[in-house]
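# Reading the structure
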Amino acid sequence: MTIDILCKVVDNLGDIGFVYRLARALSELPDAPRLRLIVDDLAAFSGLCPSVRPDVSLQTVEDWLVVRRENPGDEAIRLFRAEPPRRVIECYACGRPTWFETILFDETDSVPRYIVNLEYLTAEPWAGDFHFLPSFTRSPLVRKFIFMPGFVVGTGGLVQDSFSSTASERRVTPEGTLALRSGLLKSSGLLKSSGLLKSSGLPGADETAFWVLVFSYEHDFSSMIDDLASFYAEKPLLVLVAAGRSSGPFLDAWHRAHCPFPALALQLLPQTQWDAFLAASDFAIVRGEESLSRACLSGRPFLWQCYPFADTPSAPATGQLPKVYALLDLIRPYLVPADFACFERLTLRFNGVQAENTDFQPSTAQIEPLRGDLLAVLEAMADVSPGGVTAGFAAWAKEVRNIGNLAVNLLTFIRDFG
């Protein structure tokens, strides 16, 4: 069986990150399908998968045929005409390039074809209503269906590829955690190469510290820097600052505060190495949907920022806020009320909502977490009892993993087409 996966990179690396992970997970399955990946931004793809050559429109990568979405070249079009698409995964309703569309809807082709619109991840209840829903096309021979990732039964679940799963499993024991972290620090050469770490001159920047990973959109991180500094006064801490839109603002605030704790700036990492750093962290600040799914499956506490549909960092992401509320509703049963109140307050303010408003309407003014908001959550993690924050997130992750691997669920659905 051959499956064509279509991807259009919209927000930096999230879209291609999901497609790359999905391709890896599908290829790991028994009787794996042959995959053809049609991607518009091969440079972004190469950032996560160094084997991809950004300047080559048709290439083989990890046994997949990788094709540039626009202007793929005569050879690529000839290959697709010789083996027309029969099963297509269209990620995030990204549409289809003209050359692909022409082949897919060839009126002389009498063989049934199927399109699966693999939608964005959301915790909103309607995800289950849309899962498997048929959608119209202009040809009766080309049938289309919606497939919804999700956190609950009745959705397709989350992608569970072997590498990220193995990295998370190593966190189960203290020995596994130390080994994972030690390997990351040594293999990356971070402790030797980081000027940030040298300039801090502070203890605690090793595999035994409390690791915090930062990867969000732009913020005024001043209050969060203060909270991390207060937390560092209580226990060893290492903050890993991922490359991206939050790295500059975070490091600027860190420097303005005179580097009050060890911080390490990460370069853009291949996906497998990023997964390992996320799994190795005690607390993660993440953005978007691909990183959200990884943070969820890691079983560790995290803070999520939804996508800000705005031209300025300070404008609230009004259209995405239902996703934030829905995610909070899923996490609520796993935390005791006092801990959840702290987590909810931090999450809402980090997403531009004045948490004190009972109707949770976004404010036109810039909203940021107040001093003490992040610290309250980090300190609550010190409770290692079954009812603690860390145990609660671990229990929720177990429930999500039990829904099954999205790659398995998706391939089963596609094979049922016949």
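This text goes with the structure placed above it.
This text gives an overview of the structure that appears in the document. (Residues numbered from 1 in each chain as written. Predicted model: local features only at pLDDT ≥ 70, side-chain atom pairs only at ≥ 80, totals over all residues. Heavy atoms only, no water.)

### A short note on the overall build of the protein
Counting secondary structure elements, the protein contains 18 helices and 13 strands. A burial count over the protein gives 57% of its 418 residues as buried. Across the protein, every contact between residues at least 6 apart in sequence was considered, and the portion connecting residues at least 24 apart equals 72%. (Helix = DSSP H or I, 4+ residues; strand = E, 2+ residues; numbered from the N terminus. Buried < 20%, exposed > 50% of the residue type's maximum accessible area, 1.4 Å probe, protein only. Contact = heavy atoms within 4.5 Å.)

### Re the sheet that holds strand E7 (residues 134-135)
The 8 strands lie next to each other as E3-E4-E2-E1-E5-E6-E8-E7, forming an open sheet whose pairing is mixed. One side of each edge strand has no neighbouring strand; the edge strands of this open sheet are strand E3 (58-61) and E7. Each of strand E1 (2-7), strand E5 (87-91), strand E6 (113-118) and strand E8 (142-147) is contacted by helix H18 (residues 406-415), which is oriented at about 155° to E8, the strand it contacts most. (Pairing = 2+ DSSP bridges. Axes fitted to C-alpha atoms, helices over the stretch in contact; angles between N-to-C directions.)

### With respect to the packing of helix H12 (residues 271-280) against helix H13 (residues 290-298)
One way to put it is that H12 packs onto H13 with a least axis distance of 10 Å and a crossing angle of 45°. In terms of orientation, H12 and H13 fall into the oblique class. Read as a crossing pair, H12 and H13 show a hand that is right-handed. Seen from H12, the contacting residues are Gln271, Trp274, Asp275 and Leu278; seen from H13, they are Glu290, Ser291, Arg294 and Ala295. Looking at the contact of H12 with H13, its residues break down into 3 nonpolar, 2 polar and 3 charged. (Parallel < 35°, antiparallel > 145°, perpendicular 65-115°, else oblique. Left-handed = near helix turned anticlockwise from the far one by under 90°. Nonpolar A, V, L, I, M, F, W, Y, C, P; charged D, E, K, R; others polar.)

### A closer look at the pairing of strand E2 (residues 34-39)
Look at any regular strand and the pattern is simple: side chains alternate between the two faces of the sheet. Counting buried positions along E2 yields 5 of 6 residues, so the element is predominantly enclosed. Direction of pairing for E1 relative to E2: parallel, over a ladder of 6 bridges. By the bridge assignment for E2, Ile5 is matched with Leu37. Across 4 bridges, E2 lies against strand E4 (residues 64-68) in parallel orientation. By the bridge assignment, Ile38 is partnered in E4 with Val67.

### Structural notes on the pattern of salt bridges
Applying the stated criterion to the full structure yields 23 salt bridges. Here Asp373 and Arg345 are joined by a salt bridge, their closest N and O atoms 3.4 Å apart. You can see Asp373 sitting in helix H16 (residues 373-380) and its partner Arg345 sitting in helix H15 (residues 337-350), a full 28 residues away along the chain. The shortest N-O distance in the salt bridge between Asp373 and Arg349 comes to 2.6 Å. Within this pair, whereas Asp373 is found in helix H16, its partner Arg349 is found in helix H15, the two being separated by 24 residues in sequence. Among the residues examined, Arg349 registers a relative accessible area of 3% and is labelled buried. One network of salt bridges, in which partners are shared, links Arg21, Arg24, Asp161, Asp275, Glu290 and Arg294. (Salt bridge = Lys/Arg side-chain N within 4 Å of Asp/Glu carboxyl O.)

### Some remarks on the sheet that holds strand E12 (residues 283-287)
Taken in spatial order, the 5 strands make up an open sheet running E11-E10-E9-E12-E13, and their pairing is parallel. The sheet is open, and its two edges are formed by strand E11 (263-265) and strand E13 (302-305), each paired on a single side. Across the sheet, the mean angle separating the axes of adjacent strands is 15° when strand polarity is ignored. Sheet topology places strand E9 (residues 210-214) next to E12; 3 bridges connect them, and they run parallel. Looking at the pairing, Val212 lines up with Phe283 of E12. Contacts from helix H10 (residues 222-232) reach E9, strand E10 (237-241), E12 and E13 within the one sheet, and its direction differs from that of E10 by about 150°.

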